[in-house]
Amino acid sequence: MRIGELAARAGTTTRTLRYYESRGLLPARRGGNGYRTYDEGDLKLLRQIRTLQDFGFDLEETRPFVECLRAGHPEGDSCPASLAVYRRKLAELDSLIGELQAVRAEIGVRLASVEEPSPLCELGGREL
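Reading guide: rules and limits
- Residues numbered from 1 in each chain as written.
- Predicted model: local features only at pLDDT ≥ 70, side-chain atom pairs only at ≥ 80, totals over all residues.
- Heavy atoms only, no water.
- Salt bridge = Lys/Arg side-chain N within 4 Å of Asp/Glu carboxyl O.
- Helix = DSSP H or I, 4+ residues; strand = E, 2+ residues; numbered from the N terminus.
- Buried < 20%, exposed > 50% of the residue type's maximum accessible area, 1.4 Å probe, protein only.
- Polar contact = N/O pair within 3.5 Å; in protein donor to acceptor, adjacent residues only side chain to side chain.
- Contact = heavy atoms within 4.5 Å.
- Patch = residues over 30% accessible without salt bridge, like charges linked within 9 Å, V, L, I, M, F, W, Y side chains within 5 Å.
- Areas by Shrake-Rupley, 256 points an atom, 1.4 Å probe, with all protein chains shown as cover.
- Phe/Tyr/Trp six-rings, centres within 6.5 Å; stacked < 30°, edge-to-face > 60°.

As annotated in an unreviewed UniProt entry, the chain carries the name MerR family transcriptional regulator and is attributed to Streptomyces hokutonensis.

So this is what it looks like as structure tokens:
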């Protein structure tokens, strides 16, 4: 298939595909006429990349999954390098969750402290 068809089937743009090609994530095969050519395996690579990006992985983090698929594995996450990326991403997410929980707790404390009735608030900011 040509680049436009692949882009349509993958739900992306031809510009994105050319960018992935420039980064070495998508093969750069050319037909006799000079046009880029792709197959179902390339569509599978793109779907893997897009899924991982939807999960918050940056483009470089998708590389081990793409390489795993290119090596002939049925799934991109069945190789040791892919599993290592999953582990790093989980640790990163756990850290972010911890930070967000701390912020949430602080906001909860501040909200509770200002929700208590105050003579200043009841009188429009003037004390008795």
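Read on for the rest.
> Go over the pattern of salt bridges, please, and point to the residues and values.
Enumeration over the complete set of coordinates arrives at 9 salt bridges. With its nearest N and O atoms 2.7 Å apart, the salt bridge here joins Arg-9 to Glu-40. Of the two residues, Arg-9 sits in helix α1 (residues 3-10) while Glu-40 sits in helix α3 (residues 40-54), which places them 31 residues apart along the sequence. Glu-40 gets classed as partly exposed once you look at its relative accessible area, which sits at 47%. In this structure, Arg-36 engages Glu-21 in a salt bridge whose closest nitrogen and oxygen atoms are separated by 2.7 Å.

> Requested: an account of the side chain of Arg-63, with residues and values cited.
Turning to its location among the elements, Arg-63 is positioned in helix α4 (residues 63-70). Residue classification places Arg-63 among the buried residues on the basis of a relative accessible area of 19%. A polar contact is formed between the side chain of Arg-63 and the side chain of Glu-60, at a distance of 2.6 Å. Non-local contacts of Arg-63, meaning those with residues more than four positions away in its chain, are made with Arg-23, Gly-24 and Leu-25.

> Requested: an account of the environment of Leu-69, with residues and values cited.
Residue position: Leu-69 is located in helix α4. On the basis of relative accessibility, which here comes to 12%, the residue Leu-69 falls in the buried class. Counting along the chain gives 21 residues from Leu-69 to Gln-48, while the straight-line C-alpha distance between them is 9.0 Å.

> With reference to specific residues and values, describe a nonpolar patch on the surface.
A surface patch of nonpolar side chains, amounting to about 340 Å² of accessible area, comprises Leu-90, Leu-93, Leu-96 and Ile-97. One can find Leu-96 in helix α5 (residues 80-115).

> Give a description of the packing of aromatic side chains that names residues and reports values.
Summed over all chains, the structure comprises 3 aromatic pairs. Measuring from centroid to centroid gives 6.1 Å for Phe-57 and Phe-65, while their planes differ by 85 degrees, and the two rings are edge-to-face. The pair Phe-57 / Phe-65 is uniform in exposure class, with both members buried. Centroid distance Phe-57 to Tyr-86: 6.2 Å. Interplanar angle 70 degrees. Geometry classified as edge-to-face. Of the two residues, Phe-57 sits in the loop between α3 and α4 while Tyr-86 sits in helix α5, which places them 29 residues apart along the sequence. The class of Phe-57 is buried, set by a relative accessible area of 7%. A relative accessible area of 28% places Tyr-86 in the partly exposed class.

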